[in-house]
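Report on the structure
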Amino acid sequence: MTRFAGRRAIVTGAAGGIGFATAQRLAEEGASVGVLDVRGPDAEHAARQIAASAFVSERGGSARALAVDVTDEDAVETAVAGFVSAEGGIDILVNNAGITRDNLIFRMTLADWGRVLDTNLTSMFLCSRAVQRTMVAQGSGRIVNVSSRSALGNRGQANYAAAKAGVQGFTATLALELGPFNITVNAVAPGFVRTGMTDATASRTGRSPEEYRADAAARIPLGRVAEPEEIAAAILFLASDDASYINGQTLYLNGGAR
Ligand code: NAI
């Protein structure tokens, strides 16, 4: 498919996991993709890997690394301005970068509260504010934010749940503000996805990634955790022309778990 031929997209947190799968699929469907991540060498590696795919070259896609910390206002402004000037515009922003710093409230430090809010929520404000200038002038754009099922509450994740619930309110509000400029803003809220993030949680809690996934899968109607590509597929739908009348929504992707 070439749904994104000629489209220009930035995906944050794209050196691995859901962000990588999203950047890869966008490029494979023809987009020019900025693979943005704070881990510069890993972003370079990811961009090279994406650019090497036969689908990407056949369908006119491309990928280039942007080594940026999404919590750094100046770095975000500079990176977005550089991308826009090199590509001639920007059509899609996927706000995906995120971290966890889990702890029960009595052990949670202010630093871990702040870091999670900054990385998972304030980053979306910075990146969205930076791209909307160009999108408003173009009269078109798509922003897709990655929230989480944890927005509904998850023991040990007061900081992360607050940030991810904030993402949903931010999404609904940007949809109101940017809708009149033909820019849609939506969110996905995944449950458990097999990525470096959930593998790290497993080792922190003394389990193997396999055990941790099996425990989670037992509570999911589909009987398994999600693959990053399955989340990417929903993000691409929301970023595509097919989603032209979907605005301000959060789509839960958790295999049917309530
Ligand atoms: P991951 O850890 O594999 O990927 C996150 C990426 O974000 C990493 O490449 C990391 O370097 C990057 N990143 C972190 N801080 C950054 C910063 N300050 N600036 C730029 N990049 C930064 O994790 P995963 O699972 O792919 O997570 C992607 C998104 O999905 C996150 O927002 C996460 O909260 C969300 N999510 C993940 C779920 C899961 O089960 N894995 C479930 C629900 C939501």
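Residues numbered from 1 in each chain as written. Predicted model: local features only at pLDDT ≥ 70, side-chain atom pairs only at ≥ 80, totals over all residues. Heavy atoms only, no water.

Moving on, we get to the site of the ligand. The environment of the ligand is made up of 30 residues, and the closest members are Asp-37, Asn-96, Tyr-160, Val-193 and Thr-195. One of the backbone N or O atoms of Ile-18 is found 2.9 Å from an oxygen atom in the ligand. One of the side-chain nitrogen or oxygen atoms of Lys-164 is found 2.9 Å away from an oxygen atom of the ligand. Protein contact buries 93% of the 830 Å² of open area that the ligand shows by itself. Of all elements in the fold, only helix H1 (17-28), helix H5 (110-138), helix H6 (158-178) and helix H7 (196-204) reach the threshold of two or more residues within the shell around the ligand. Among the elements that line the shell around the ligand, the one with the most residues is H7, at 3 residues. In terms of residue class, the shell around the ligand is made up of 13 nonpolar, 13 polar and 4 charged. (Near = heavy atom within 4 Å. Polar contact = N/O pair within 3.5 Å; in protein donor to acceptor, adjacent residues only side chain to side chain. Areas by Shrake-Rupley, 256 points an atom, 1.4 Å probe, with all protein chains shown as cover. Helix = DSSP H or I, 4+ residues; strand = E, 2+ residues; numbered from the N terminus. Nonpolar A, V, L, I, M, F, W, Y, C, P; charged D, E, K, R; others polar.)

Grouped together as the largest cluster of nonpolar side chains are 33 residues, with contacts concentrated most on Ile-10 and Ile-143. Counting only elements with at least two residues in this core, the list comes to helix H4 (73-87), H5, H6 and strand S6 (183-190). Among the elements that take part in this core, H5 stands out by supplying 9 residues, more than any other. Setting aside anything within four residues of it in sequence, one finds Ile-10 in contact with Gly-34, Leu-36, Leu-66, Val-80, Phe-83, Ile-90, Ile-92, Leu-93 and Val-94. Residues Ala-23, Val-188, Ile-231 and Leu-253 belong to the second largest nonpolar core, which totals 31 residues. (Core = buried A, V, L, I, M, F, W, Y, C linked by side-chain atoms within 4.5 Å. Buried < 20%, exposed > 50% of the residue type's maximum accessible area, 1.4 Å probe, protein only. Contact = heavy atoms within 4.5 Å.)

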